[in-house]
Amino acid sequence: MKSCDYGDCSKNGVNISRLSPEGFLVATGNKAYSFREAYKRFHYCESCHELLMKNVWNRVRKKEDKDDDHVAPTAI
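Figured I'd write up the structure that's included with this text. (Residues numbered from 1 in each chain as written. Predicted model: local features only at pLDDT ≥ 70, side-chain atom pairs only at ≥ 80, totals over all residues. Heavy atoms only, no water.)

### Considering the nonpolar core
Grouped together as the largest cluster of nonpolar side chains are 13 residues, with contacts concentrated most on Cys-4, Tyr-6, Tyr-44, Cys-48 and Leu-52. Looking at this core, the elements with two or more residues in it are β2 (42-44) and α2 (46-61). If one sorts the elements of this core by residue count, α2 sits on top with 3 residues. (Core = buried A, V, L, I, M, F, W, Y, C linked by side-chain atoms within 4.5 Å. Buried < 20%, exposed > 50% of the residue type's maximum accessible area, 1.4 Å probe, protein only. Helix = DSSP H or I, 4+ residues; strand = E, 2+ residues; numbered from the N terminus.)

Structural data, given as structure tokens:
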């Protein structure tokens, strides 16, 4: 099993996610026909995955600095 990709964590990465440790989708660079093929996969342990999801959710919910030109948190 792969180790966790979040920070210096060395636990087993039991959760597979398309979100990078910085909380963004990262393209594979290949021509892809589906979401599954288009983005890299990362592995996270339970606690790091929960922390990552909390950080992304908090960033999405912040009201300041958002207007019509706001870039989505999953932007590449």
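### Section: the side chain of Arg-18
Relative to the assigned elements, Arg-18 resides in the loop between β1 (15-17) and α1 (35-38). A distance of 3.2 Å separates a polar atom in the side chain of Arg-18 from the backbone oxygen of Arg-36. From its side chain, Arg-18 meets the backbone oxygen of Tyr-39 in a polar contact 2.9 Å long. (Polar contact = N/O pair within 3.5 Å; in protein donor to acceptor, adjacent residues only side chain to side chain.)

### Focus: the pattern of salt bridges
What the rule picks out here adds up to 1 salt bridge. Measuring nitrogen to oxygen at the nearest pair gives 3.4 Å for the salt bridge that ties Lys-54 to Glu-50. Of this pair, Lys-54 and Glu-50 both sit in helix α2, 4 residues apart, which is roughly one turn of the helix. (Salt bridge = Lys/Arg side-chain N within 4 Å of Asp/Glu carboxyl O.)

### So, the side chain of Ser-17
Within the fold, Ser-17 resides in strand β1. At 3.0 Å, the side chain of Ser-17 forms a polar contact with the backbone nitrogen of Leu-19. Residues in contact with Ser-17, not counting those within four places in the same chain, are Lys-40, Arg-41, Phe-42, Tyr-44 and His-49. (Contact = heavy atoms within 4.5 Å.)

### Looking at α2
One turn of the α-helix equals 3.6 residues, which is why residues spaced by three or four share an orientation. With 16 residues, α2 ought to run about 22 Å at 1.5 Å a step, and its terminal C-alpha atoms sit 23 Å apart, in line with that. Among all positions in α2, only Cys-48, Leu-52 and Val-56 are buried. Looking straight down α2, one finds that the buried residues subtend no more than 70 degrees of arc, so they occupy a single side. Residues of α2 that are exposed and angled more than 90 degrees away from the buried face: Glu-46, Trp-57 and Arg-61. (Expected span 1.5 Å × (residues − 1). Arc of directions from axis to C-beta.)

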